[in-house]
Amino acid sequence: MSVRRLDPNQPESFEFTPENLEWAKGQIAKYPDGRQASAIIPLLWQAQKQHGGWLPEPAIRYVADMLGMAYIRALEVATFYTMFNLTPVGEHFVQVCGTTPCWLRGADEIKDACKKHIGPEKTLSADGKMSWMEVECLGACVNAPMVQINDDYYEDLDGAKMEEIIKALREGKDVTPGPQSSRKTSEPIGGLTTLTEVPGAGGK
């Protein structure tokens, strides 16, 4: 695993909004006395969502204080899990799966589209709206190649379709998540090949 460091530019402070604070208390309450630290991952995740998709150092300390943890323990969690972004990301954060199934199905085209229309990997676009990075398997291999943008999956992609998605998001347009082809969910690309008829009487 590569070294993951905190961004050199940090906000002065962080605290949950009243709504997120109540949510966090509910998460902590799920664990027995003495085990509150078990809530660290959901709390860090919520802090990241509140802070525009990345996790600043004051938020890590804030969560550690809530859970009675040493700062170094919270930092260990935040720097270990790649789901936590330690530097700013775009309003639309594109995670491109580059693992074998997606790579065999054309993930390089997707990365090329991101380089062309967003910029270098792990950097904010000039307008600050987008950023991208390559990640390991996101678990949608049957719909490869695919990307995750914020909380949604976009599947059955090619370079041209990825360019369309980037353009639409940049213009503030809605893009329907899921397969970007004609198929539904994970059915065969050519359509259903089994269970295409209703069984007759008696189940035959």
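Per an unreviewed UniProt entry, the chain goes by the name NADH-quinone oxidoreductase subunit E and belongs to Tepidicaulis marinus. Recorded under Catalytic activity (unreviewed entry), the UniProt text for the chain is reproduced unchanged: "a quinone + NADH + 5 H(+)(in) = a quinol + NAD(+) + 4 H(+)(out)". According to the UniProt record, the Sequence similarities (unreviewed entry) comment for the chain reads "Belongs to the complex I 24 kDa subunit family."

Caption draft 1: Seen up close, the overall build of the chain. Looking only at helices and strands, the chain features seven helices and five strands. In the chain, the succession of α and β elements from N to C terminus is α-α-α-α-β-α-α-β-β-β-α-β. Overall, the chain is about 60 × 50 × 35 Å in size when its C-alpha atoms are taken along their principal axes. Residues classed as buried in the chain amount to 39% of the 204 residues present. In the chain, of all internal contacts separated by at least 6 residues, the share reaching a separation of at least 24 is 65%.

Caption draft 2: Seen up close, the nonpolar core. Among the nonpolar cores identified, the biggest contains 21 residues, and Phe16, Ile40, Leu43, Leu44, Leu55, Val63 and Leu67 are the most heavily contacted of them. Elements that contribute at least two residues to this core include exactly α1 (18–28), α2 (40–50), α3 (57–67) and α4 (71–80). Beyond its immediate stretch of four places on either side in the chain, phenylalanine 16 contacts Leu21, Ala24, Leu43, Gln46, Ala47, Gln50, Tyr62, Val63 and Met66. Of all hydrophobic cores here, the second largest spans 18 residues; its members include Ile110, Ala113, Ile149 and Leu157.

Caption draft 3: Representation of the environment of isoleucine 110 within the structure. By the secondary structure assignment, isoleucine 110 is in helix α6 (residues 107–117). C-alpha separation for the pair isoleucine 110 and glutamate 163, spaced 53 residues apart in sequence, amounts to 8.3 Å. When neighbours within four sequence positions are excluded, isoleucine 110 is seen to be in contact with Val96, Pro145, Val147, Leu157, Asp158, Gly159 and Met162.

Caption draft 4: Seen up close, α1. Along α1, the positions that sit buried rather than exposed are Asn20, Ala24, Gln27 and Ile28. Buried positions in α1, seen along its axis, are confined to an arc of 95° and lie on one side of it. Turned more than 90 degrees from where α1 packs its buried face, Pro18, Glu19 and Glu22 sit exposed. Elements in contact with the buried residues of α1: α2 and α3.

Caption draft 5: Up close: the sheet that holds strand β3 (residues 147–149). With respect to topology, five strands assemble into an open sheet ordered β2-β1-β3-β4-β5, the strand pairing being mixed. Two strands in the sheet have a free side with no partner beyond their single neighbour: β2 (130–135) and β5 (178–179). Pairing of strand β1 (residues 92–97) with β2, which is carried by six bridges, proceeds in the parallel orientation. Directly across from glutamine 95, in β2, lies its bridge partner methionine 133. Contacts from α6 reach β1, β2 and β3, with the element oriented near 150° to β1. Of the strands in this sheet, β1, β2, β3 and β4 (152–155) are in contact with helix α7 (residues 159–170), which crosses β3 at around 0°.

Caption draft 6: Quick look at the packing of α2 against α3. With their axes 10 Å apart at the nearest point, α2 and α3 run at an angle of 145° to one another. For the crossing formed where α2 meets α3, the hand is right-handed. Judged by residue contacts, Ile40, Leu43, Leu44 and Ala47 of α2 engage Ala59, Ile60, Val63, Met66 and Leu67 from α3.

Cut-offs used in this document
Residues numbered from 1 in each chain as written. Predicted model: local features only at pLDDT ≥ 70, side-chain atom pairs only at ≥ 80, totals over all residues. Heavy atoms only, no water. UniProt positions renumbered as here; feature names shortened; annotations may be inferred. Helix = DSSP H or I, 4+ residues; strand = E, 2+ residues; numbered from the N terminus. Buried < 20%, exposed > 50% of the residue type's maximum accessible area, 1.4 Å probe, protein only. Contact = heavy atoms within 4.5 Å. Core = buried A, V, L, I, M, F, W, Y, C linked by side-chain atoms within 4.5 Å. Arc of directions from axis to C-beta. Pairing = 2+ DSSP bridges. Axes fitted to C-alpha atoms, helices over the stretch in contact; angles between N-to-C directions. Left-handed = near helix turned anticlockwise from the far one by under 90°.

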